[in-house]
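Coordinate inspection notes
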Amino acid sequence: MTATTDVDVLIVGSGFSGLGVAIRLKQEGFTDFAILERADDVGGTWQANTYPGCACDVPSHLYSFSFAPNPAWSQTYSRQPEIWEYLRDTARRYDVLRHVRFGHTVTSAEWDEETARWKVETGQGSFTARVFIPATGPLAEPKQPEVPGLDSFEGKIYHSARWDHDHDLTGERVASIGTGASAIQYVPMIQPDVAKLHVFQRTAPWIMPHSNRRVTGVERRAYRAFPALQRLVRGLVYAGREILVLGFVKRPGLMKQVEKVARWHMRSQISDPELIRKATPDYTIGCKRILPSNHWYPALERPNVELVTDAITEVRPHSVVTADGSEREVDTIILGTGFSVTDMPVARQVRGRGGKLIVDSWGGSPRAHLGLAMPGFPNMFMMLGPNTGLGHTSMVYMIESQVNYVIDALRKMRDDGVDTVEVKRDTVRAYNDRLDEMHEGTVWTTGCKSWYLDDTGRNSTIWPDWTFRFRHRTQSFDSSKYDLRTTPAPDSGKVAA
Ligand SMILES: Cc1cc2nc3c(=O)[nH]c(=O)nc-3n(C[C@H](O)[C@H](O)[C@H](O)COP(=O)(O)OP(=O)(O)OC[C@H]3O[C@@H](n4cnc5c(N)ncnc54)[C@H](O)[C@@H]3O)c2cc1C
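Residues numbered from 1 in each chain as written. Predicted model: local features only at pLDDT ≥ 70, side-chain atom pairs only at ≥ 80, totals over all residues. Heavy atoms only, no water.

**Section: the packing of aromatic side chains**
Going through the model one piece at a time under the given rule, you end up with 19 aromatic pairs. Measuring from ring centre to ring centre gives 5.4 Å for Phe67 and Tyr94, while their planes differ by 80°; the resulting arrangement is edge-to-face. You can see Phe67 sitting in the loop between helix 2 (45-48) and helix 3 (80-93) and its partner Tyr94 sitting in the loop between helix 3 and strand 3 (100-102), a full 27 residues away along the chain. By relative accessible area, Phe67 is classed as partly exposed at 27%. Take Tyr94: its relative accessible area is 21%, and that puts it in the partly exposed class. Within the aromatic cluster, the residues linked to one another by ring pairs are Phe16, Trp46, Tyr63, Phe65, Phe67, Trp73, Tyr86 and Tyr94. (Phe/Tyr/Trp six-rings, centres within 6.5 Å; stacked < 30°, edge-to-face > 60°. Helix = DSSP H or I, 4+ residues; strand = E, 2+ residues; numbered from the N terminus. Buried < 20%, exposed > 50% of the residue type's maximum accessible area, 1.4 Å probe, protein only.)

Right under this line is the structure:
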């Protein structure tokens, strides 16, 4: 039998969220913590997604920790290797690497009523902890398309988040399934090498011009010499992005202007009317994620690329068959099919009071307080849980907001001698009722099918307001919305509430 390791705080995942929590824990004097990470390095999204062309689509000055600015970004929108290196370097500099247990996949976690601790199982041993922080990522679990016969394919097949760099695509016939954020980045990169590229599209994405450019040496030196300058640029980027909330949430009619730019972009890059027809979305811009690219449309128009809009009905050992009966022979299938967002595995692995799984407590639609806390799950703070997603700006802003809240909760628990905190059911109900009201009339309810909506059709993914309001609400731990318990002293026999 393997020994059980006990820690005060147990984090799962070492992406922006897990590292962000760990760094702040350390700074606040909480040193008894561990991070369980299934991969063999830190970085999360940026460790896992290594596909050609992988980059952030929010400017790097904003898509980075506010407390760890990087004056050396080489481009305004950095590529994956640079973001991954930034995260590894930040973990090193803030000395949290020694807390990470690599190669530890969490298989289950359960709240133990008797000991008031979380019991967490991994393939490599058991852990117990007072506080449990799943930071397993909303976009970490590759989604497999439900296509009959996919398993029967005898060529090479892989998901964009598990890119096989040992497999040479040169001269191959390739099927790429999906036209989301990842596909629009890798398709233009592989197009010059492959013999034939069939791009299978279910829904056309809205594409905006990309403003990426190299950061000059002068700028980099200026950021080093005057850190306030970089903070100013970060602030300006934040403000520029936040304006989009007006169109997304407050007045969706404004999105018509954004749509005009996207239509102009398409027409200026595609000359074939039939391709324009196929590439034109049939829903309001912003309803699904808007994607920036200057290379997507030109790639689609290359002679070796075919945009297929007929639904895939079957995959055979060497081909892909579509609804019109066409069969295309391919050597490799790349799944650019995104991630399981509203059905993340953690919800089926974590059990709270009475052994109830998160997924059962959600009853079909994820709900939490501030995307963090759920009734029945004491001392658990889930990073980037329900309704923390964004369509317009940096997720790191939401992560840092949640980190503030979690750290304040732990501080208050420590200072007030509180052992367990559990959000009240009424709090979660009222909070989510308000979110649902706020979602009414937003661009996400204009009728498109997107991964923002769960199986019930509810938007349980997006934060439907200004992000500074989320920052404000997470500034401090609102203990009145929680049941607080202290362990009775051995002789008192009472439970303080
Ligand atoms: C290709 C891509 C591009 C993106 N670009 C942007 C962008 O430009 N701007 C933006 O704001 N957001 C972007 N995102 C969203 C991005 O996921 C978040 O910004 C952020 O990186 C999430 O960080 P995280 O730490 O919460 O999750 P992740 O980075 O996903 O980290 C989760 C970690 O948990 C680990 N883990 C999961 N399950 C287990 C388990 N059972 N046991 C142990 N470890 C586990 C994973 O291995 C991973 O390391 C992008 C996402 C993708 C996939």
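**Some points on the state of the cysteines**
What makes a disulfide is a covalent bond joining the sulfur atoms belonging to two cysteines. Under the criterion given, the structure shown has one disulfide. The residue that forms a disulfide with Cys287 is Cys448, at a sulfur-sulfur distance of 2.0 Å. Taking the sign of the S-S torsion, about -90° here, the bridge from Cys287 to Cys448 comes out left-handed. Pair noted here: Cys287 is in the loop between helix 9 (273-279) and strand 11 (291-292) and Cys448 is in the loop between helix 13 (425-439) and helix 14 (467-473), with a separation of 161 residues, a long-range link. For Cys287, a relative accessible area of 0% gives the class buried. (Disulfide = S-S within 2.5 Å.)

**A closer look at the packing of helix 1 (residues 16-27) against helix 3**
Two elements in contact, helix 1 and helix 3, have axes whose closest approach is 11 Å; the angle formed by their N-to-C orientations is 20°. The angle between the axes of helix 1 and helix 3 places the two elements in the roughly parallel class. Viewed along their axes, helix 1 and helix 3 form a crossing whose handedness is left-handed. Two secondary-structure elements touch here, helix 1 through Phe16, Leu19 and Ile23 and helix 3 through Ile83, Tyr86, Leu87, Thr90 and Ala91. Residue composition of the contact of helix 1 with helix 3, grouped by class: seven nonpolar, one polar and no charged. (Axes fitted to C-alpha atoms, helices over the stretch in contact; angles between N-to-C directions. Parallel < 35°, antiparallel > 145°, perpendicular 65-115°, else oblique. Left-handed = near helix turned anticlockwise from the far one by under 90°. Contact = heavy atoms within 4.5 Å. Nonpolar A, V, L, I, M, F, W, Y, C, P; charged D, E, K, R; others polar.)

**Digging into the site of the ligand**
In the vicinity of the ligand lie 31 residues, with Ser17, Glu37, Asp57, Tyr63 and Met395 positioned nearest. In the environment of the ligand, an oxygen atom lies 2.6 Å from a nitrogen or oxygen atom belonging to the side chain of Ser17. Separating an oxygen atom of the ligand from a backbone N or O atom of Asp57 is a distance of 2.6 Å. When isolated, the ligand has an accessible area of 980 Å², and the protein chains bury 94% of it. Mapped by element, the contributors of at least two residues to the shell around the ligand are helix 1, strand 2 (33-37) and helix 2. Counted by class, the shell around the ligand contains 15 nonpolar, 13 polar and three charged residues. (Near = heavy atom within 4 Å. Polar contact = N/O pair within 3.5 Å; in protein donor to acceptor, adjacent residues only side chain to side chain. Areas by Shrake-Rupley, 256 points an atom, 1.4 Å probe, with all protein chains shown as cover.)

**Re the nonpolar core**
Core analysis: the largest hydrophobic core is formed by 88 residues, its most contacted members being Ile11, Phe16, Leu25, Trp46, Phe381, Met383 and Leu410. Per element, the largest residue contribution to this core is 11 residues, and it comes from helix 12 (residues 395-416). For Met383, the contacting residues outside a window of four places in its chain are Ser17, Val21, Ile133, Pro134, Ala135, Leu372, Ile399, Gln402, Val403 and Val406. Grouped together as the second largest cluster of nonpolar side chains are 24 residues, Ala34, Val346, Ala347 and Trp362 included. (Core = buried A, V, L, I, M, F, W, Y, C linked by side-chain atoms within 4.5 Å.)

**Regarding the sheet that holds strand 6 (residues 125-134)**
Pairing is mixed across the open sheet formed by seven strands, whose spatial order is 3-2-1-6-5-4-17. The sheet terminates laterally at strand 3 and strand 17 (350-351), the two strands that pair on one side only. Sheet topology note: the strand 2/strand 3 ladder contains three bridges and is parallel. By the bridge assignment, Glu37 is partnered in strand 3 with Phe102. (Pairing = 2+ DSSP bridges.)

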